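This is what each chain is made of:
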Amino acid sequence: MVVVLKVADVPKTWRSEWKLLPGDRLTFGRPTPDSPVDIPVSNRHDVSRDLGIISTAGDHWTISNHTDRWVSVVSVDEGGAFARIPPGRLDAPVPFEISRLMWPCKGGEIVLFEAFSMDAGFRDQVTRNPSNTVAFNWSKESKHFLVLTALCEPQLRNEDCVEVPGIDALVARLQGSVRYSDATVSSVNAQIEYLAVKCGKDPNAGERVKFDGQKRLKIVKYAMRFGVVQWDDLRLLDA
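Residues numbered from 1 in each chain as written. Predicted model: local features only at pLDDT ≥ 70, side-chain atom pairs only at ≥ 80, totals over all residues. Heavy atoms only, no water.

A. Region of interest: the confidence of the model for the chain. Per-residue pLDDT for the chain has a mean of 84; in total, 85% of the residues score no lower than 70. Strand E3 (residues 25–29) holds the highest mean pLDDT among the elements of the chain, 95, whereas helix H1 (residues 125–128) holds the lowest, 53. Note on residues 206–210: pLDDT under 50 across the span, and four contacts to partners over four residues away in sequence or across chains. (pLDDT = per-residue confidence, 0-100. Helix = DSSP H or I, 4+ residues; strand = E, 2+ residues; numbered from the N terminus. Contact = heavy atoms within 4.5 Å.)

B. The arrangement of unusual backbone geometry in detail. The backbone of Asp91 sits at a positive phi, close to 50 degrees, despite the residue not being glycine. Structurally, the position occupied by Asp91 is in the loop between strand E8 (82–85) and strand E9 (92–94).

C. Summary view of the sheet that holds strand E6 (residues 61–65). Across the sheet, which stays open at both edges, the five strands sit in the order E4-E3-E5-E6-E9 with mixed pairing between neighbours. Of all the strands in the sheet, the pair left with one neighbour each is strand E4 (39–40) and E9. (Pairing = 2+ DSSP bridges.)

D. Inspection of the side chain of Asp233 at higher detail. Inspection of the secondary structure puts Asp233 in the loop between helix H5 (212–225) and helix H6 (235–238). Within the structure, the side chain of Asp233 is placed 2.8 Å from the backbone nitrogen of Gln230, a separation counted as a polar contact. (Polar contact = N/O pair within 3.5 Å; in protein donor to acceptor, adjacent residues only side chain to side chain.)

E. Quick look at the sheet that holds strand E7 (residues 72–76). The strand order across the open sheet formed by six strands is E2-E1-E11-E10-E7-E8, and the pairing between neighbours is antiparallel. Of all the strands in the sheet, the pair left with one neighbour each is strand E2 (17–20) and E8. In this sheet, adjacent strand axes meet at a mean angle of 20 degrees when their direction is disregarded. Looking at chain direction, strand E10 (residues 98–105) and strand E11 (residues 108–118) are connected through eight bridges and run antiparallel. Paired with Ser99 across the strands is Ala115, a residue of E11. (Axes fitted to C-alpha atoms, helices over the stretch in contact; angles between N-to-C directions.)

F. Quick look at the packing of aromatic side chains. Within this structure, the stated rule accounts for one aromatic pair. Lying over the aromatic face of Phe116, Lys6 brings its terminal NZ or CZ to 5.4 Å of the ring centre. The cationic tip of Arg15 hangs over the ring face of Trp18; the distance from NZ or CZ to the ring centre is 3.8 Å. (Phe/Tyr/Trp six-rings, centres within 6.5 Å; stacked < 30°, edge-to-face > 60°. Lys NZ or Arg CZ within 6 Å of the ring centre and 35° of its normal.)

G. Main features of the environment of Gly176. Locating Gly176 in the fold gives a position in the loop between helix H3 (167–175) and helix H4 (185–198). Sequence spacing of Gly176 and Asp238 is 62 residues, and the spatial spacing of their C-alpha atoms is 7.1 Å.

H. Looking closely at the pairing of E7. The buried fraction of E7 amounts to four of the five residues, a majority that puts the element mostly inside the structure. As paired strands, E7 and E8 are joined by four bridges and run antiparallel to one another. Bridged to Ser75 within E8 is Phe82. Bridging between E7 and E10 involves four bridges; their strand directions are antiparallel. Residue pairing for E10: Ser75 is matched across the bridge by Arg100. (Buried < 20%, exposed > 50% of the residue type's maximum accessible area, 1.4 Å probe, protein only.)

Put into structure tokens, the structure is as follows:
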């Protein structure tokens, strides 16, 4: 497996793309005359000179955190999944094919680089194509799938978003689509009840009291975790 690193924000005179072949083991951090690194990722003084090591194995890549107290985070764009790399952790396996390394710094966080794992192994072309995966046997033309897509839209567009649309916002969004232009509060609520049962995430099954915000959140988390809704599905809301 080949890993391509694209360093996010470095001076124009610095190299910004690196290709790691199987068995490569490269240091990264803030370069100085006394402490050179294989992959310079930042010239900010609040970034450590020796951040760690990136290495590639047979079918995955690993990262070591050489700092004494700073936690790094490897996150994936779609779905909000992440892996936390604690200080001193060595050769932590990274399970994401497309990801970014986030580092804490003054004022928040920065992206040090994006990583793209190439040539991942699959049994055949059918399983290799994410669009062929099936989580549930339902049609993407159905109204409940449109509701599910609208629920997941904020997180699909921004992985850091933790808010789930309320009923009024959902109705307004769905009314702008051709397939559900007649959406109403009662009909959308009914679709959410169906989704809750379908996803097995109804926290109040058999009870009259309904915690709608919690229910919507659990539906979104489940759908995003299993990739039920993909970025390309957002076009259904605009069609």
